[in-house]
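# Report on the structure
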Amino acid sequence: MVKPKRAVEPLSPDPITTEVVGSSLLAAAEEMGEILVRAAYSANIKERRDSSAAILDVKGGTIAQASHIPLHMGSMLGLGQALLQRYPESEIRPGDIFITNDPYSGGGTHLPDITVAAPFFAWGRLVAFTANVAHHAEVGGAPSQTLDIYTEGLRIPLVRLYRGGQVCQDVMDFILLNCRLPDERQADLRAQAASVETGLQRLEELVARYPEEVFLSCLRHLEEQAEAQAVQGIRSIPPGTYRFTDYMDTDGTGSGPVPISVALTVEEDKIGCDFAGSSPQVRGPINLPYYATLAGVYYALKAVVDPTLPANTGFYRTVHVSAPEGTIVNCVSPAPCLFRSDTAQRVVEVVLGALAQAAPELVVAASNGAVSGVYFLGYREDGSYYAYIETLGGGMGASAYGDGADGVQVHTTNTSNLPVEALELEYPMMVEQYELAVDSGGPGRHRGGLGIVRQYRVLTDDIRVRTKGDRNLIAPWGLQGGLSGGRCRVVRNPGTPAEQEITPKEYDILLKAGESILFITPGAGGYGPPGERTQADILRDVQEGKLSPRVAAEAYALSPKQLRDAAS
């Protein structure tokens, strides 16, 4: 009689092996991100680092995420699931690379963010995907209209860009034909392909070191650890339901203010965020797809619950987000969403505002609350077309422990500062002013961070300019008695007879050579009563030019003698 074979018991990795595997996966994601930046052609990726990378499991869950831009996870959270719905696993082969940018197909949050993904096979089956997102400077569409998703650019459904390691030239040609800068797009897409291929190489090296059962068990343990760590952090927040509402100033088409509301419920082992009561989706391009809302919520909760939390599926299991379809935080086609990043910032701040009622010592005051930006579309003197995108930092909210940072990108965005020299070398523009915005930090025991002043002068004719931003009407709020931060301003041709104050959401400005645009980004809210700020801190701000004598006297009650002493 033949004895039946005993089932093989799964091998349980020791904690050290689990950590090694986890760190190796994170290192692979980080390397993918660096490869993309270094290989890219356009300034927005190679200089401003407007890109992200991650490793996903076969169900689309996050295994490892590089420390780049939290909002970009919105382009990848639903990617794996959407990919397997469109392509059966039996039709996916090694060497394939898939591409999409469509917010309504599970692989994007707005059209300039192009996502690519490559399948990873081991032990004869599909195990994971390597993926990245890059913000392309131009993807077609109307240069001055944002009426719906169709006017915002080329929509790329989830399709193969590479098959068996070879580019699908018909797909590439179709994409490039619809872009004004085809050479730039092709170079950046090749950089994205090189990035995911690097991720595949690192995964191959990793799985070669471990048996299948050990590797897969490590992935499971990493998720379980993240979930347990998240639960521990959640238990440090008093249970209950906390509500908060904040507003977008306008949608850019005349409607506003636009409310975003959340009811945040903290239970013993999970947190729920219900966005019922938020505005219906709007005509302007500030609508937010659901996965982008998820990315903002995950970021905000991680920042408060435990900043050391691994950003993987285990943590995400402790969070439930409800956002009614057809609202500004879960828009449906054909709602425009080109400038959805400002709304993503507001999602973060309503979550933080709700959490501030439960644990104010863990939350910062409102930051600049926007991804303030300027888009330049036009021609150089030699007739070549260019498209340049720049987003500007602003103030970071003050906390119970110190002042907010000045002039930085915050929350869901993390792009770098573009040096003036790099901008002027590549584009027909001059930067005439670049400094911190005096008095824009909200007064408080701890001062809110300062916004940025940046002025551009164009050097060629007929340059189309779009501006985007928020917080020009409703200032960033303070906490625990702290005062509001400074508001956003945009001025055309400042200091000239043609000076014109315009709103931050101007989607069609035509500039002639010599004209200029001045952008002042919002500051941030202060924390604690201004009367509790030390005199030394106030005088230091005055001496460093961050605070004017007038505001020092009005907000902090400094006497003329104290200000004279500071000046001397």
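Above this text sits the structure in question.
So, here's what we can say about the structure.

Below, the discussion takes up the overall build of the protein chain. When helices and strands are counted, the protein chain shows 13 helices and 20 strands. Taken over the C-alpha atoms alone, the protein chain extends approximately 100 × 60 × 45 Å along its principal axes. Within the protein chain, the proportion of its 568 residues that are buried is 60%. Pairs at least 24 residues apart make up 73% of the contacts formed inside the protein chain by residues separated by at least 6 positions. Within the structure as shown, the protein chain displays about 22100 Å² of accessible surface, and the carbon and sulfur contribution to it stands at 52%. Between the averaged position of the 48 positive side-chain charges in the protein chain and that of its 67 negative side-chain charges there is a distance of 2 Å.

Moving on, we come to the sheet that holds strand E16 (residues 463–468). Pairing is antiparallel across the open sheet formed by four strands, whose spatial order is E13-E12-E16-E19. Among the strands making up the open sheet, the edge pair consists of strand E13 (385–391) and strand E19 (506–511). Between one strand axis and the next, the sheet turns by 15° as a mean value, whatever way the strands run. Bridge count for strand E12 (residues 373–379) against E16 is five bridges, and the pairing is antiparallel. Bridge assignment links Tyr375 to a residue of E16, and that residue is Arg466.

Right, let's get into helix H11 (residues 535–543). Among all positions in H11, only Ile538, Leu539, Asp541 and Val542 are buried. End-on view of H11: buried residues confined to an arc of 155°, all on one side of the axis. Exposed and oriented more than 90 degrees from the buried face of H11 are Ala536 and Gln543. Backbone geometry just after H11 places Gly545 at a positive phi near 80°.

The buried fraction of strand E20 (residues 516–520) is high, at five of five residues. A two-sided burial pattern is seen for E20, the buried positions comprising Ser516, Leu518 and Ile520 on one face and Ile517 and Phe519 on the other. Where strand E15 (residues 452–458) and E20 come together, five bridges link them in antiparallel fashion. Each residue of the ladder has a partner; that of Gln455, found in E20, is Leu518.

With that settled, consider the environment of Tyr379. Among the secondary structure elements, Tyr379 is positioned in strand E12. For the pair Tyr379 and Ile463, spaced 84 residues apart in sequence, the C-alpha to C-alpha distance is 7.2 Å. Ignoring anything within four residues of it in the chain, the contact list for Tyr379 reads Ser384, Tyr385, Tyr386, Pro428, Thr460 and Ile463.

This brings us to the sheet that holds strand E6 (residues 159–163). On the basis of which strands lie adjacent, the open sheet formed by seven strands has the order E2-E1-E5-E4-E3-E6-E7 and antiparallel pairing. Edge positions in the sheet fall to strand E2 (62–65) and strand E7 (166–167), since each of these pairs with one other strand and no more. Two strands pair when backbone bridges link them, and strand E4 (residues 113–122) and strand E5 (residues 125–135) are joined in this way by 10 bridges, in the antiparallel orientation. Residue pairing for E5: Phe121 is matched across the bridge by Leu126.

So, about the side chain of Thr521. Within the secondary structure, Thr521 sits in the loop between E20 and H11. Given a relative accessible area of 1%, Thr521 falls into the buried group. A distance of 2.8 Å separates a polar atom in the side chain of Thr521 from the backbone oxygen of Gly393. Within polar-contact distance, the side chain of Thr521 engages the backbone nitrogen of Ile452 at 2.7 Å. Residue contacts for Thr521: discarding those within four places in its chain leaves Ser372, Leu392, Gly393, Gly394, Gly451, Ile452, Arg487 and Cys488.

Examined against the element boundaries, Ile35 turns out to sit in helix H1 (residues 15–39). For the pair Ile35 and Gly22, spaced 13 residues apart in sequence, the C-alpha separation works out to 20 Å. If sequence neighbours within four positions are ignored, Ile35 has contacts with Ala194, Ser195 and Thr198.

Geometrically, a pair of aromatic rings is defined through the distance of the ring centres and the angle of the planes. The full count for this structure, using the stated rule, is 13 aromatic pairs. Ring geometry for Phe315 and Tyr316: centres 5.5 Å apart, planes at 50°, overall tilted. Of the two residues, Phe315 and Tyr316, neither departs from the other in class, the shared state being buried. Chaining the aromatic ring pairs together yields one cluster made of Tyr298, Phe315 and Tyr316.

For the peptide bond that leads from Gly256 to Pro257, omega is -5°, which places it in the cis range. Take Pro257: it is sitting in the loop between strand E8 (240–248) and strand E9 (258–266). Located in the positive-phi region is Asp439, a residue other than glycine, with phi close to 70°. Tracing the backbone through its elements, the reader meets Asp439 in the loop between strand E14 (429–436) and E15. Given the relative accessible area of 25%, Asp439 is considered partly exposed. Here Gln480, not a glycine, exhibits a phi torsion of approximately 55°, which is positive. Mapped onto the elements, Gln480 comes out in the loop between E16 and strand E17 (489–492).

About the criteria used
Residues numbered from 1 in each chain as written. Predicted model: local features only at pLDDT ≥ 70, side-chain atom pairs only at ≥ 80, totals over all residues. Heavy atoms only, no water. Helix = DSSP H or I, 4+ residues; strand = E, 2+ residues; numbered from the N terminus. Buried < 20%, exposed > 50% of the residue type's maximum accessible area, 1.4 Å probe, protein only. Contact = heavy atoms within 4.5 Å. Areas by Shrake-Rupley, 256 points an atom, 1.4 Å probe, with all protein chains shown as cover. Lys, Arg positive; Asp, Glu negative; His and termini not counted. Charge placed at Lys NZ, Arg CZ, Asp CG, Glu CD. Pairing = 2+ DSSP bridges. Axes fitted to C-alpha atoms, helices over the stretch in contact; angles between N-to-C directions. Arc of directions from axis to C-beta. Polar contact = N/O pair within 3.5 Å; in protein donor to acceptor, adjacent residues only side chain to side chain. Phe/Tyr/Trp six-rings, centres within 6.5 Å; stacked < 30°, edge-to-face > 60°.

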